[in-house]
Amino acid sequence: MTQRQSIPAPPRRALRLCDMSQLLRAAAGRGKWTRSSAAKRAACLVAAAYGLKILYPVLRKRLQQTACEKGLQAACRAGGGEEPLHCSRTRGRASPAVNAEFFRQLLELRKILFPKLVSAESGWLCLHSVALVSRTFLSIYVAGLDGKIVKSIVEKKPRSFAIKLIKWLMIAIPATFVNSAIRYLECKLALAFRTRLVDHAYETYFANQTYYKVINMDGRLANPDQSLTEDLMMFSQSVAHLYSNLTKPILDVVLTSYSLIQTARSRGASPIGPTLLAGLVVYATARVLKACSPKFGKLVAEEAHRKGYLRYVHSRIIANVEEIAFYRGHKVEMKQLQKSYKALADQMNLILSKRLWYIMIEQFLMKYVWSSCGLVMVAVPIITATGFADGELEDGHKQAMVSERTEAFTTSRNLLVSGADAIERIMSSYKEVTELAGYTARVYNMFSVFDEVKRGIYKRTAAVQEIETNSKNEDKGELHIDGPLEIKGKVIDVDHGIVCENVPIITPSGDVVVSRLNFKVQEGMHLLITGPNGCGKSSLFRILSGLWPVYDGVLYKPPPQHMFYIPQRPKYALLDECTSAVSIDVEGKIFQAAKGSGISLLSITHRPSLWKYHTHLLQFDGEGGWRFEQLDTAIRLSLSEEKQRLESQLAGIPEMQQRLNELCKILGEDSVLRTMDKEE
């Protein structure tokens, strides 16, 4: 028996070095790069660099906008009297959102969409509802038929498979018709809504000269054409589409849930677990999406506002194309257009960027998370159900329930997919509801402005009112009324004469041109109205024609059909430089023909050749004063001729200059050589 020789153990330090070398070799082996791994890493780096290049400007711009908004909000809070323009615009007007105000506005607009219970809109809505309900029942039937087809395949029954396939093809005919009918009825419903809104808007817009007052006396609607066209269209389409996207999914969820629960109970499975899981997943998804959802209503309303302003800039160029061409203002107008379009493009890019991340989160939750939970919900009842367990036959062989389980799985999966799709559309509809809130706010605001203007309530925005006041009072200290103007005056229609009793002339911006005006024009009198520019001549005509309200005093005047309307033989004609583009001989014939027809003339003219056709004079001095007297044409013409001679001969002689000032005061006219006394 040989004695075993003991091998001496290596020292501990040698073992450590050996282990370390092995680790290094293993690391070196793992660190070797093959061509495929190097290509993959390079592709990942390129993709990361490209993503960084794309996302960095967007994130940087967003951070700058956030910082700018915070700074402006701080300026609004601490600015005191000097408040930025946009602060005054947004303050006091809540941004559109899904809240109680939104539902109140929608209920008010419902009265316009459905003026009575039995209407064309109600009929289209009922037909649309029937089509939606039919589509839901067809979906449930098709889901069950799919399960039977799969069962016949598993059981290897070709005859049964052929019969069920024919049924499937036959049911496809009414199913496709119903799908097409749903789209058709949705478009018809949207068109019916738009027609009803347009008819009501036009009736209100053209009643009591609202179209004039909205643009010239009220400053809340910057672009009425935008509100009357695109806003009404988008609101109608959004309401009809949202009804379709909410009614059918809700019905789908109810019926598919009922079918799934009944199927599980019929096979001895408990539906409580899957139902709780479905409720928990839907609730968590709703909470996450609500927390991540941007304010689409505010964003869409601002986009519509910028679209309207861009359209307004285009229409302004068309209306003033000759002046722009004469003064070569195309560069300025082009800059305005580019600025307006850039503002619209920035807003659209902002909406797209917000939708990118929101839709990504939405799709992840609703497609992948819900799909995995759906598989669990379908699998658990089939696995645990006693009705799907394999049984034993009399001879001891097991009866396989594969075909029944396959049928149940296919039917349940189809129903679950239909229900999940319905819930997904309901969840996605929140974004559409917020967008509808923006359109609802704009349409409701338009009708509110029309209604208030029709009742004589005018509101000017603070910025517009300040600009108009500063421009008009730049060189003269006119009395100005701040705040809303209260209409206390009376307008009484009479058959004969025009009488002003203490009627002030006040502009829509609140400038008091004349504090109290009193005159009387009877039939047969012809009144000549003179005065410098901006003294209230045309403003008086606006009051007489009913365009501007009578804020105080009493105005007696004939009905509108006896003023302005030529086809019906008017009694009074308000002529504001109406013959300035006509030759002298022709305008004389016009005035003579009007007088010969018994029409009383109230004329604004600067031509002395027309004085002889008038009997009285209403003269404004441009400083709030006026005088009403009988007109002596001969004396006035002689004074005018003397004034013209002095203008041609005056060369700085103080006596002639003083006489010129006196003649200007007497005639109520201006002169290029007139000098005002400093003491006055």
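Here's what I pulled together on the structure shown here.

Another aspect to go through is the overall build of the chain. In terms of helices and strands, the chain carries 18 helices and 12 strands. A fraction of 74% describes how many contacts in the chain between residues 6 or more apart in sequence connect residues 24 or more apart. Looking at the chain as shown, the accessible area adds up to about 41,200 Å², and 60% of this sits on carbon and sulfur atoms.

With 13 residues, helix H16 (residues 584-596) extends 18 Å from end C-alpha to end C-alpha; this agrees with the ideal 18 Å at 1.5 Å per step. Glu-587, Gly-588, Phe-591 and Ala-594 are the residues of H16 that are buried. Taken end-on, H16 shows its buried residues confined to a sector of 130°, consistent with a single buried face. Along H16, exposed side chains directed more than 90 degrees from the buried face belong to Asp-585, Lys-589 and Gly-596. For H16, the secondary structure elements touched by its buried residues are strand E9 (572-576) and strand E10 (600-604). Count one or two residues on from H16 and you reach Gly-598, which has phi positive near 80°.

Owing to its 3.6 residues per turn, the α-helix brings residues three or four apart onto one side. Along its 14 residues, helix H18 (residues 654-667) runs 20 Å from first to last C-alpha, staying within 8% of the 20 Å computed at 1.5 Å per residue. Within the sequence span of H18, burial applies to Gln-657, Leu-660, Asn-661, Leu-663, Cys-664 and Leu-667. When H18 is viewed along its axis, its buried side chains cluster within an angular range of 165° and face the same direction. In H18, the exposed positions that point more than 90 degrees away from the buried face belong to Pro-654, Glu-655 and Gln-658. Where the residues of H18 are buried, they touch strand E7 (527-530), strand E11 (616-620), strand E12 (626-630) and helix H17 (633-649).

Moving on, we come to the environment of Trp-124. Along the chain, Trp-124 turns up in helix H5 (residues 120-154). In this structure Trp-124 comes out as partly exposed when scored by relative accessible area, which is 24%. Note: C-alpha distance between Trp-124 and Cys-187 (63 residues apart in sequence) is 10.0 Å. If we ignore the near neighbours within four places in the chain, the residues touching Trp-124 are Tyr-184, Leu-185, Lys-188, Leu-189 and Ala-192.

Ranked by size, the top nonpolar core spans 65 residues in total, and within it Phe-235, Phe-447, Phe-519, Leu-540, Leu-544, Leu-602 and Phe-620 carry the most contacts. The biggest single contributor to this core is helix H13 (residues 402-454), with 11 residues. The residues touching Phe-235, leaving out its near neighbours within four places in the chain, are Leu-106, Leu-109, Leu-113, Leu-197, Leu-436, Tyr-439, Thr-440 and Val-443.

Across the five residues that make up E10, a large majority, five, are buried. Here E10 shows a buried face lined by Ser-600, Leu-602 and Ile-604 and a second buried face lined by Leu-601 and Ser-603. In terms of strand pairing, E7 meets E10 through three bridges, oriented parallel. The residue bridging Ile-529 from the neighbouring strand is Ile-604, located in E10. Across five bridges, E9 lies against E10 in parallel orientation. Paired with Asp-576 across the strands is Ile-604, a residue of E10.

Another aspect to go through is the pairing of strand E8 (residues 554-557). It is a general feature of regular strands that their side chains alternate between the two faces of the sheet. Pairing of strand E4 (residues 490-493) with E8, which is carried by four bridges, proceeds in the parallel orientation. Pairing of Ile-492 across the sheet is with Tyr-556, part of E8. As judged from the three bridges shared by strand E5 (residues 498-506) and E8, these two strands associate in the antiparallel manner. Across the sheet, Val-499 pairs through a bridge with Tyr-556, a residue of E8.

Quick look at the side chain of Glu-587 now. Along the chain, Glu-587 falls in helix H16. Setting aside anything within four residues of it in sequence, one finds Glu-587 in contact with Thr-579, Val-582, Arg-607, Ser-609 and Leu-610.

What counts, and where the lines are drawn
- Residues numbered from 1 in each chain as written.
- Predicted model: local features only at pLDDT ≥ 70, side-chain atom pairs only at ≥ 80, totals over all residues.
- Heavy atoms only, no water.
- Helix = DSSP H or I, 4+ residues; strand = E, 2+ residues; numbered from the N terminus.
- Contact = heavy atoms within 4.5 Å.
- Areas by Shrake-Rupley, 256 points an atom, 1.4 Å probe, with all protein chains shown as cover.
- Expected span 1.5 Å × (residues − 1).
- Buried < 20%, exposed > 50% of the residue type's maximum accessible area, 1.4 Å probe, protein only.
- Arc of directions from axis to C-beta.
- Core = buried A, V, L, I, M, F, W, Y, C linked by side-chain atoms within 4.5 Å.
- Pairing = 2+ DSSP bridges.

Geometry only, nothing functional implied.
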